[in-house]
2 protein chains.
Amino acid sequence: MSLIVQKFGGSSVRDAERVRNVARIIAETYLQGNDVIVVLSAQGDTTDDLLAKAQEVNQKPSKRELDMLLATGEQVSVALCAMALEAMGLPCVSLAAWQVGIRSSSVHADARIKKIDAERIQAELDQHRIVIVTGFQGVDRNGDITTLGRGGSDTSAVALAAAFRADLCQIYTDVDGVYTTDPRVVPNAKKLDEITYDEMLELASQGAQVLHNRSVELAKKFRVKLEVLSSLERKPGTKVKEVTKVEKSNIAGVAKDTSIARVALVGLQHNPGVAFQVFDLLSKHNINVDVILQSIGREDTKDITFTVHRKDLQEVEDILNQHKEALRFDHLEPDDSIGKVSIVGVGLMSNCGVAAKMFEALYEAGVNIQMINTSEIRVSVLLDEEDVNRAVKAIHAKFFDEN
Amino acid sequence: MSLIVQKFGGSSVRDAERVRNVARIIAETYLQGNDVIVVLSAQGDTTDDLLAKAQEVNQKPSKRELDMLLATGEQVSVALCAMALEAMGLPCVSLAAWQVGIRSSSVHADARIKKIDAERIQAELDQHRIVIVTGFQGVDRNGDITTLGRGGSDTSAVALAAAFRADLCQIYTDVDGVYTTDPRVVPNAKKLDEITYDEMLELASQGAQVLHNRSVELAKKFRVKLEVLSSLERKPGTKVKEVTKVEKSNIAGVAKDTSIARVALVGLQHNPGVAFQVFDLLSKHNINVDVILQSIGREDTKDITFTVHRKDLQEVEDILNQHKEALRFDHLEPDDSIGKVSIVGVGLMSNCGVAAKMFEALYEAGVNIQMINTSEIRVSVLLDEEDVNRAVKAIHAKFFDEN
């Protein structure tokens, strides 16, 4: 008998039919003799609908109240899923994050899970009940509801799998696995049978929507075996684990991200620690910064360029302009029409031909590279947003069609 | 400075405009220097929408999961109301019943409030925050969400007013007070300036929708001053208190209830304790029984007739038929097309002309009386459902037009 955590995203539970479909998958797993913990997102467009309701009464609601509002979405999902399992005669119980004891930090809208209490879920599993938990949310030390931000439900699932030492954590989505690139851009993209945590991490953080990097980081840390698969087609998905079986001669995939914006701080005075000041300031506002580049400017000044999530751009501009005197820069150059394309693969940087092959593909496609950024297993380039899909096609063809 | 509890029903918060309207009422009370605890119901049709969603996946969901589902309705209301108050620059916090610590029994869908923790709300009031609490719900000793059944939000408000010794508990609805009868049936029905707890109690339990008897009972027990008033028209409503100022020569009002059904148990054997057995059985299933009448049947048998809420009729039939052998009755006669009309007034039964006046009105209107039931301050008659409105008009005219 195994313990399996199964997470279903918003599109997998978007209406009654889909909820019943999810119940069938859960039932099958349970009736094979497994303990099952289920984690659900809010149904389909629920979160957007709730946000629209909030906007109607307050253009800038506090994040504390927004969390209180949004948390109802997952609660509806888990109750409906429990009812669907009840209709099949299966013992089950739905639990909100505060009932489980998913303890989180107090950063509303972007909380981090600190600890998961074992008692309630263990008691339910001991009674052989299927346990259905609200994803995306936690409860802080004051007893206030928090939400976990982007990738929150995946993170809830992996955290539960880690806390209960689950044998497998299945992430059900509307795609059937991890592909070598976005199949909507490149129709002959290939599904991967397996991928390492590190590769998945780079793919996730470089814009592959299938799994959020927070959940992959957590899975890697606690050695949680992940599987990404479709809730609609019943076939094996992509396994994410420590080491993949075969030594690969190729990259794992090509990722794109068009949800980013670039900010250039131009004409910074040459005072020491200015980079620290800038990024410390942004971090205190919970702004995640990605690619950073520092270069020499004209006349003994320097420029710092970095990327942020596009939704944060206005806030970043506001924060930096408020501190213009302290930071002593000349002006800001924001750009929200850029994109990022990355290749990811274990051993990539130790194989010197790989990066060159990527740049060759871009050159042949006539795509201009604005910035380059690399990690041990990844090469990313910043481009004009309008060049992104052309770049992905060219790079994918170069790596997957030519050999 | 006073502490005021304000409760707003579902129609008072049904959309963004109404939520803002409620926020203005709350703000006015708060800015006059009062502490304010707000209790909200779910928005407009939310509860019905959620019930429909449940029906789609399970015709008979467990009450535990239904409570989990329905409790999201009030949580949406309190978050939105808090956001509307934030937009006005007022300090506030929304709290679900489990966050307040509204401790209840475990009877899902019909739980009773046992205790309200003071700490969290007191801490928020000490910070001069407006506290906005989900009505209709509680949390049981297992940490499961319960709902309080009919009249639940009114009960939440009165219980909070009692726990915090509020100076006033205002129940805002879509009518502007308590009327001598339903103004939709009798257009010249009069609004009462004040009414005693006992009169309100009888009116409420006899079908006047404006306040549920549970909340009035609780208010009477803890001497909570109630006021029923409109959230749309800003004018005084009806005050509910221990003693009303003037000695009245008339009844307080005429109530009707068409949500009831009658069940006759025909041909019961003459074994002692059969009535106890029947009603003990129903009470164990949490079925509320109203008017009870026992009469002699044919050939040394007897009949027991009683009324229940119409929604419970099928369940009552099922329960009794399951125990037919033990109870030894011949057959059941259910009737779901009956109604009840009542007159209520302090001193009514000690004024012997009053009941006669009611029967006279019914006789003149040609309405047939099926059963009669009285209390110290009330006379109720059971009628064909189709006679109910005609009966109300005739009785109201007799008591309020003729003198």
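Calculation rules
- Residues numbered from 1 in each chain as written.
- Chains lettered and ligands numbered in written order.
- Predicted model: local features only at pLDDT ≥ 70, side-chain atom pairs only at ≥ 80, totals over all residues.
- Heavy atoms only, no water.
- Helix = DSSP H or I, 4+ residues; strand = E, 2+ residues; numbered from the N terminus.
- Rg over C-alpha atoms; globule rule 2.2 N^0.38 Å.
- Contact = heavy atoms within 4.5 Å.
- Areas by Shrake-Rupley, 256 points an atom, 1.4 Å probe, with all protein chains shown as cover.
- Lys, Arg positive; Asp, Glu negative; His and termini not counted.
- Charge placed at Lys NZ, Arg CZ, Asp CG, Glu CD.
- Least-squares fit on C-alpha atoms with pLDDT ≥ 70 in both.
- Buried area = accessible area lost by both parts, 1.4 Å probe.
- Salt bridge = Lys/Arg side-chain N within 4 Å of Asp/Glu carboxyl O.
- Polar contact = N/O pair within 3.5 Å; in protein donor to acceptor, adjacent residues only side chain to side chain.
- Pairing = 2+ DSSP bridges.
- Axes fitted to C-alpha atoms, helices over the stretch in contact; angles between N-to-C directions.
- Parallel < 35°, antiparallel > 145°, perpendicular 65-115°, else oblique.
- Left-handed = near helix turned anticlockwise from the far one by under 90°.
- pLDDT = per-residue confidence, 0-100.
- Core = buried A, V, L, I, M, F, W, Y, C linked by side-chain atoms within 4.5 Å.
- Buried < 20%, exposed > 50% of the residue type's maximum accessible area, 1.4 Å probe, protein only.
- Nonpolar A, V, L, I, M, F, W, Y, C, P; charged D, E, K, R; others polar.

From N to C terminus, chain A includes 13 helices and 20 strands. A compact globule built from 403 residues should have a C-alpha radius of gyration of about 22 Å, and chain A, at 23 Å, falls within 12% of that. C-alpha extents for chain A along the principal axes are approximately 75 × 55 × 35 Å. Sequence-distant contacts in chain A: of pairs separated by 6 or more residues, those separated by 24 or more amount to 74%. Split by element, the accessible area of chain A, about 17400 Å² in all, is 47% carbon and sulfur. Side chains of chain A give 47 positive and 58 negative charges; the mean places of these two sets differ by 4 Å.

A few words on the relation of the copies chain A and chain B. Expressed as a screw transformation, the operator carrying chain A onto chain B has a rotation angle of 179° and an axial translation of 0.1 Å, and the superposed copies differ by an RMSD of 0.1 Å. Both chain copies can therefore be described as sitting about a two-fold axis. Residues of chain A ranked by C-alpha distance from the rotation axis are headed by Thr72(A), positioned 2.5 Å from it. Both copies share a contact surface, since 100% of the interface residues of chain A are interface residues in chain B too.

Quick look at the interface of chain A and chain B now. Interface extent is often summarised as the accessible area lost during association of the parts. Tallying the contact residues gives 42 residues for chain A and 42 residues for chain B. In total, about 3300 Å² of surface goes out of reach between chain A and chain B, with carbon and sulfur atoms giving 58% of it. Summed over the three residues of chain A that lose the most area to chain B, namely Val57(A), Met83(A) and Trp98(A), the buried surface amounts to 20% of that side. Counting across the interface, chain A meets chain B through 2 salt bridges. Residue Asp144(B) is joined to Arg120(A) by a salt bridge in which the shortest nitrogen-to-oxygen separation is 2.9 Å. Run the count over chain A and chain B and you get 20 residue pairs in polar contact (both at pLDDT 80 or more). For the side of chain A that touches chain B, the secondary-structure elements that each account for two or more residues are helix H1 (16–31), helix H2 (46–57), helix H3 (63–87), strand E3 (92–95) and helix H4 (97–100) of chain A. With 17 residues, H3(A) is the largest single contributor of residues to the side of chain A that touches chain B.

Moving on, we get to the sheet that holds strand E1 (residues 3–8) of chain A. All names here are of chain A. The mixed open sheet is built from 8 strands, whose spatial order is E3-E6-E2-E1-E9-E11-E12-E10. Where the open sheet ends on each side, the last strands, each with one partner, are E3 and strand E10 (194–196). Ignoring strand direction, the axes of neighbouring strands in this sheet form an average angle of 20°. Bridge analysis of E3 against strand E6 (residues 130–134) gives 4 bridges, and the strand direction is parallel. Looking at the pairing, Leu 95 lines up with Val 133 of E6.

The next thing to look at is the packing of helix H9 (residues 274–284) of chain B against helix H10 (residues 313–322) of chain B. Residues and elements named next belong to chain B. Their axes nearest at 11 Å, the elements H9 and H10 cross at an angle of 125°. Taken together, the axes of H9 and H10 lie oblique to each other. Of the two possible hands of crossing, H9 and H10 adopt the one that is right-handed. Of the residues in H10, those touching H9 at Val 278, Leu 281 and Leu 282 are Val 316, Ile 319 and Leu 320.

All names here are of chain B. Ordered by their spatial adjacency, 8 strands build an open sheet running E3-E6-E2-E1-E9-E11-E12-E10, and the pairing between neighbours is mixed. Edge positions in the open sheet fall to strand E3 (92–95) and strand E10 (194–196), since each of these has one partner strand only. For this sheet the average axis-to-axis angle between neighbouring strands, irrespective of direction, equals 20°. Packing of helix H1 (residues 16–31) onto the sheet brings it into contact with strand E1 (3–8), strand E2 (35–40), strand E6 (130–134) and strand E9 (168–173), and relative to E1 it is tilted by some 175°.

As a further point, take the confidence of the model for chain A. The predicted model of chain A has a mean per-residue pLDDT of 90, with 95% of residues at 70 or higher. Our summary of model confidence lists the complex with pTM equal to 0.81 and ipTM equal to 0.79.

So, about the nonpolar core. In terms of nonpolar packing, the biggest core is built from 80 residues, with Leu85(A), Ile130(A), Ile132(A), Leu85(B), Ile130(B) and Ile132(B) touching the most fellow members. Every residue in contact with Leu85(B), bar those within four places of it in the chain, is listed here: Ala23(B), Ile26(B), Ala27(B), Leu90(B), Cys92(B), Ile130(B) and Ile132(B).

The N-to-C vectors of H2(A) and helix H3 (residues 63–87) of chain B enclose an angle of 35°; their axes lie 8 Å apart at closest approach. Of the two possible hands of crossing, H2(A) and H3(B) adopt the one that is right-handed. Here Leu50(A), Lys53(A), Ala54(A) and Val57(A) of H2(A) come into contact with H3(B), specifically with Val76(B), Leu80(B), Met83(B), Ala84(B) and Ala87(B). Classifying every residue of the contact of H2(A) with H3(B) gives 8 nonpolar, no polar and 1 charged.

Let us look at the environment of Val367(B). Looking at the secondary structure, you find Val367(B) in the loop between helix H12 (353–364) and strand E19 (371–375). Once you skip the residues sitting within four places of it in the chain, Val367(B) turns out to touch Leu362(B), Leu383(B), Asp387(B), Arg390(B) and Ala391(B).

Turning our eyes to something else, we now look at the environment of Lys114(B). Residues and elements named next belong to chain B. Within the element layout of this structure, Lys 114 appears in strand E5 (residues 113–116). Separated by 260 residues in the primary sequence, Lys 114 and Thr 374 have C-alpha atoms spaced 31 Å apart. Setting aside its immediate chain neighbours within four residues, Lys 114 contacts Arg 103, Ser 104 and Ser 105.

It is worth spelling out the pattern of salt bridges at this point. Opposite charge on two side chains allows them to pair when their charged atoms are near. Applying the stated criterion across every chain, the model contains 52 salt bridges over all chains. Ionic pairing is found between Asp280(A) and Lys284(A), a salt bridge with its closest N-O pair at 2.9 Å. Here Lys284(A) and Asp280(A) lie together in helix H9 (residues 274–284), a separation of 4 residues that amounts to about one turn. Its relative accessible area of 60% is what places Lys284(A) among the exposed residues. Put simply, Arg64(B) and Asp144(B) hold a salt bridge, and the shortest N to O gap is 2.8 Å. With Arg64(B) in helix H3 and Asp144(B) in the loop between strand E7 (137–139) and strand E8 (145–147), this pair connects stretches of sequence that are 80 residues apart. Overall, Arg64(B) belongs to the buried group, its relative accessible area being 13%. Judged by its relative accessible area of 7%, Asp144(B) falls in the buried class.

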